[in-house]
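Below are the chains, spelled out letter by letter.
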Amino acid sequence: MPLTFTLDPVVTPELRDGILDLWTDVTNAGGAVGFVPPVTREDIRPGLVRQFVSMAEERSRLLVGHDEEGRVAATAFLTFNTHPLMTHWLWLYTVMVHPRHQGKGHGRDLLAAAERSARTVDGIEAIRLACRGGLGLERFYASCGYKEVGRVPNAIRVAPGDDRDDIIMLLPLT
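My aim in this report is to walk through the structure given alongside it, one point at a time. (Residues numbered from 1 in each chain as written. Predicted model: local features only at pLDDT ≥ 70, side-chain atom pairs only at ≥ 80, totals over all residues. Heavy atoms only, no water.)

1. Things to note about the state of the cysteines
Every disulfide links exactly two cysteines, by a covalent bond between their sulfur atoms. All told, the structure shown has zero disulfides when counted by the stated rule. Free cysteine Cys144: the closest other cysteine sulfur is in Cys131, separated by 12 Å. (Disulfide = S-S within 2.5 Å.)

Given below as structure tokens:
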């Protein structure tokens, strides 16, 4: 079953809890979404609060995908640049699909929904995202039309002795 995507949903306690569960489950399954497992919802909560503050300040927009049972199954945050010379592109952050939904094409669907959403914003000409090396994520994003435009070797320290590249990907919209 396809996911149903909503841009700028009303943030209810149920949505907040669904995103916390998603972020926790994705991290604990090995997903590269800002944390290293094991984590709890309380470990994730400050990061989510920062995202909600960014949304309230209109610096970020939330895209959420719900499954057929109405559960949060995917998210991405579209975050605007505040630097006046870079307002023509936005960042895509915290791109995640719940492990129970992976392998069904929902990641591609999420990226397509993010692209459609970005195209509705006046003046946006590209989407940038960063991903952690060592997991093959850059190949997945490339298969969705993104191009690798930068790489900082060993910029992400997952654990002592486990440094990963920070890979920057770009999707032109024009």
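2. Details of the nonpolar core
For soluble globular proteins, the rule of thumb is that nonpolar side chains tend to be buried together. In this structure, Leu92, Ile127, Tyr141 and Tyr146 are the most contacted members of the largest nonpolar core, which totals 26 residues. Sorting the residues of this core by element identifies β3 (72-80), β4 (89-97), α3 (106-119), β5 (126-132) and β7 (162-172) as the ones contributing at least two each. Among the elements that line this core, the one with the most residues is α3, at five residues. With sequence-adjacent residues up to four places away left out, Ile127 is seen in contact with Leu90, Leu92, Ala114, Glu115, Ala118, Tyr146, Met169, Leu170, Leu171 and Leu173. (Core = buried A, V, L, I, M, F, W, Y, C linked by side-chain atoms within 4.5 Å. Buried < 20%, exposed > 50% of the residue type's maximum accessible area, 1.4 Å probe, protein only. Helix = DSSP H or I, 4+ residues; strand = E, 2+ residues; numbered from the N terminus. Contact = heavy atoms within 4.5 Å.)

3. Remarks on the sheet that holds strand β6 (residues 147-159)
Taken in spatial order, the seven strands of this open sheet run β1-β2-β3-β4-β5-β7-β6, and their pairing is mixed. With one partner strand each, in any of the chains shown, β1 (4-7) and β6 form the two edges of the open sheet. Sheet twist, expressed as the mean angle between neighbouring strand axes with direction ignored, is 25°. Summarising the sheet, β3 and β4 pair through six bridges and their orientation is antiparallel. By the bridge assignment for β4, Thr79 is matched with Trp91. On top of the sheet, helix α1 (residues 13-28) reaches β2 (60-66), β3 and β4; it is set at about 95° to β3, its chief contact. Contacting β1, β2, β3, β4, β5 and β7, α3 runs over the sheet at an angle of about 155° to β4. (Pairing = 2+ DSSP bridges. Axes fitted to C-alpha atoms, helices over the stretch in contact; angles between N-to-C directions.)

4. A look at α3
When the terminal C-alpha atoms of α3 are compared, their 20 Å separation across 14 residues agrees well with the 20 Å that a helix rising 1.5 Å per residue should span. Turning to α3, the residues buried within the fold contact β1, β2, β3, β4, β5 and α4 (137-143). (Expected span 1.5 Å × (residues − 1).)

5. Looking at helix α2 (residues 41-56)
The first and last C-alpha atoms of α2 sit 22 Å apart over 16 residues, in line with the 22 Å expected at 1.5 Å per residue. Along α2, the positions that sit buried rather than exposed are Ile44, Gly47, Leu48, Gln51, Phe52, Ser54 and Met55.

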